[in-house]
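# Geometric and topological summary
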Amino acid sequence: MGTAKEVPVDRLFSRLLNVMAALVLCLGVSGFAQANYSTSELDTLVANIALYPDPLLVQVLDASTYGNQIAPAALWAESHKNLKGETLANAIEEADLPYDPSVQALLPFPSVLSMMSKYRTWTDQLGDAVTNQKEDVMEAVQRMRQKAYDYGHLKTNEQVKVETGDNITIYPVQKEYVYVPVYNPRVVYYVRYDGYSRVYYGSGVWLGTWFGEWGWGSCWIDWGPRVIYVRDTRWYAHRPIPRHPRRYRPPHHFNSPPPRRPAPAPASRVAPAPAVRVAPAPSGARMSTAPAPATRTAPAPATRVMTAPAPQSYPAASPSAPAARRPAPGPSGIEPERLPTRYVDSDDDSRRYDNRRYDSRNRGGSISQPTPRSRTTSAPKPRPSGRR
């Protein structure tokens, strides 16, 4: 029966040190693999959200670390996009959604959640960068804001207030109104301002004090040390925010809720005409369903005025004027003027009118060639009498 081979203590300790060194090396390599985004890659990741107001940017950076909750939250926000203000806040509380408060904070912004759900790979990469390189991500945001400011596209307007200095901050003009900017990153960061606005702001989302439970009104960024605050508490990646039984109220309020639209004036009611009741016909009688005959009105006869024609006056015949002489009819009794016209081809290959053939034939004379007629004259030449 064999005995177990004894291993020296010093050799066992050396093997344990080698295993621990290998584990440390593997952890270091995996950590470097997760935090290997370069400066240009970080600029690309934050290009779409760098011009967001700081409170909205805080919620987007926080929610990006919960990528698996973005898609269902986007569907819920799309199905409840007709709810606003306090009605939406009460619906979120009653639904008891299992999402992180940062994800629930974006439910009033269906367009933002829809973008993050549509580009899921970008959302996951942004969440990894925020988890491992939060300071580098915030530094990339400042670089992109500086580019947009230098090219003239980032400026103070009616929706946001832009403050410059060591860092650029963007805050809503009215604290309770948050606007989502829409812009093309390929333009605002690379094309100089030419008089046309390249950053558009849609309708603002009124948050009021109803969404304080999700951090609105108490989320901000300290750009000096690159620290994010939610509910006035420093935020860390995947650090759960305690849910209070009562709704959280932000400490400062600067604006009152927007005025409600006046109710429309009640329309004047007109008393309906009393219904005319018709006594029912006896059970044995048949009711005629034929429509009543339409009454036709005969049109009035048109009055025609007969106007007698004016008498025509004819000139009297002069007694001294000779009467028109008609040629004598031929032997057959047919007048030559009423004979059909016949065409005769002449030497110049033109068609001429000639009735003398028939006149000579009726009188028993000889047929002779007609004299060519000039084209410029319109009156016919006199017909010769007798035979040649």
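Notes on the structure follow. Quantities reported herein were computed from a predicted structural model and do not represent experimental measurements. Note that residues are indexed from 1 along each chain, following the sequence as it is written. pLDDT decides what is reported in this predicted model: residues at 70 or higher carry local features, side-chain atom pairs at 80 or more are listed and counted, and totals for whole chains, interfaces and linings draw on all residues regardless. The side-chain numbers reported here are obtained from all heavy atoms of the structure, hydrogens and water having been left aside.

### Considerations on the overall build of the protein chain
Inclusion rule: In this text, helices come from DSSP runs of H or I with a minimum length of four residues, and strands from runs of E with a minimum of two, each type numbered from the N-terminal end. Classification of residues uses two cut-offs on accessible area relative to the type maximum, computed with a 1.4 Å probe and protein chains only: under 20% is buried, over 50% is exposed, and between them is partly exposed. Any two residues having at least one pair of non-hydrogen atoms within 4.5 Å are treated as being in contact. Every accessible area reported is derived by Shrake-Rupley at a probe size of 1.4 Å, with residue values counting cover from the shown protein chains alone.
The helix and strand tally for the protein chain stands at 11 helices and 11 strands. By residue count, 33% of the 388 residues in the protein chain fall in the buried class. Within the protein chain, contacts between residues at least 6 apart in sequence are counted, and of these 66% link residues at least 24 apart. Counting every atom, the protein chain has about 27,900 Å² of accessible surface; 55% of that belongs to carbon and sulfur.

### Focus on the side chain of S102
For clarity, the cut-off: Throughout this description, a polar contact denotes any pair of N or O atoms lying within 3.5 Å of each other; where both atoms belong to protein, one of them has to be capable of donating a hydrogen while the other can accept it, and for residues adjacent in sequence the pair is counted only when both atoms sit in side chains.
Inspection of the secondary structure puts S102 in helix α6 (residues 101–104). Of the residues examined, S102 reaches a relative accessible area of 1% and is grouped as buried. In terms of polar contacts, S102 uses its side chain to reach the side chain of D100, at 2.5 Å. Contacts of S102, omitting those with residues within four sequence positions, involve Q59, D62, A63 and Y66.

### A word on the pattern of salt bridges
Counted only if it meets this: Any Lys or Arg side-chain nitrogen located within 4 Å of an Asp or Glu carboxyl oxygen qualifies as a salt bridge.
All told, the structure shown has eight salt bridges when counted by the stated rule. The salt bridge involving R145 is made with D54; its shortest N-O contact spans 2.8 Å. One end of the pair, R145, is in helix α9 (residues 134–150); the other, D54, is in helix α3 (residues 54–63), with 91 residues separating them in the sequence. Neither residue differs from the other here; R145 and D54 are each classed as buried. The partner of R226 in a salt bridge is E139, with the nearest N and O atoms 2.6 Å apart. In this pair, R226 sits in the loop between β7 (220–222) and β8 (227–230) while E139 sits in helix α9, placing the two residues 87 residues apart along the sequence. Given the relative accessible area of 11%, R226 is considered buried. Assessed through its relative accessible area of 33%, E139 is described here as partly exposed.

### Describing the packing of aromatic side chains
This is how the line gets drawn: Pairing of aromatic rings covers Phe, Tyr and Trp, the last counted by its six-membered ring, and requires centre-to-centre distances within 6.5 Å; plane angles under 30 degrees mean stacked, over 60 mean edge-to-face, and any other angle means tilted.
Tallying each qualifying case throughout the model produces six aromatic pairs. Aromatic side chains Y183 and Y189 sit 6.3 Å apart centroid to centroid with 80 degrees between the ring planes, which places their arrangement in the edge-to-face category. On the numbers, 5.8 Å between centres and 45 degrees between planes, the contact of F211 with W214 is tilted. Given a relative accessible area of 1%, F211 falls into the buried group. Taken together, the ring pairs in this structure connect Y177, Y179 and W206 into an aromatic cluster.

### Regarding the packing of helix α2 (residues 39–46) against α9
Rule in force here: Fitted lines through C-alpha atoms give the axes, limited to the stretch in contact for helices. The angle between two N-to-C directions lies from 0 to 180 degrees. For classification purposes, an angle smaller than 35 degrees is called roughly parallel, one larger than 145 roughly antiparallel, one from 65 to 115 roughly perpendicular, and anything else oblique. Residues were grouped as follows: Ala, Val, Leu, Ile, Met, Phe, Trp, Tyr, Cys and Pro as nonpolar; Asp, Glu, Lys and Arg as charged; and all remaining residues, including Gly, as polar.
One can describe the packing of α2 onto α9 by two numbers: an axis separation of 9 Å at closest approach and a directional angle of 70 degrees. Considering their axes alone, α2 and α9 lie roughly perpendicular with respect to each other. In contact with T39, L42, D43 and V46 of α2, α9 contributes D136, V137, A140, V141, R143 and M144. The residue makeup of the contact of α2 with α9, split by class, is six nonpolar, one polar and three charged.

### A few points about the environment of N184
Within the secondary structure, N184 is located in the loop between β4 (181–183) and α10 (185–188). For the pair formed by N184 and R198, sequence separation is 14 residues and the distance between their alpha carbons is 7.5 Å.

### Some thoughts on the pairing of strand β1 (residues 160–163)
In the case of a regular strand, side chains alternate between the two sheet surfaces. The following threshold applies: Any two strands with at least two DSSP bridges between them are considered paired.
In β1, alternate side chains face the same way, and those of V160 and V162 are buried while those of K161 and E163 on the opposite face are not. Pairing geometry for β1 and strand β2 (residues 169–172), over four bridges, is antiparallel. By the bridge assignment for β2, K161 is matched with Y171. Where β1 folds back on β2, the antiparallel hairpin that results is connected by five residues, among which G165 adopts a positive phi of roughly 155 degrees.

### With respect to the environment of A140
Tracing the backbone shows A140 in helix α9. On a C-alpha basis, the gap between A140 and T44 in space is 8.9 Å, while along the polypeptide they are 96 residues apart. The residues contacting A140, other than those within four sequence positions of it, are L42, D43 and V46.

### Regarding the side chain of D54
According to the relative accessible area criterion, D54 is buried, its value standing at 0%. Here the side chain of D54 touches W223 through a polar contact of 3.1 Å, side chain to side chain. Not counting residues up to four positions away in its chain, the partners in contact with D54 are R145, T169, I170, Y171, I221 and W223.

### With respect to the sheet that holds strand β9 (residues 233–234)
Taken in spatial order, the three strands line up as β7-β8-β9 in an open sheet, and their pairing is antiparallel. Strands with a single pairing partner mark the edges of an open sheet, and in this sheet they are β7 and β9. Where β8 lies against β9, two bridges are found, and the strand directions are antiparallel. Each bridged residue has a counterpart across the sheet, and for Y229 the counterpart in β9 is R234.

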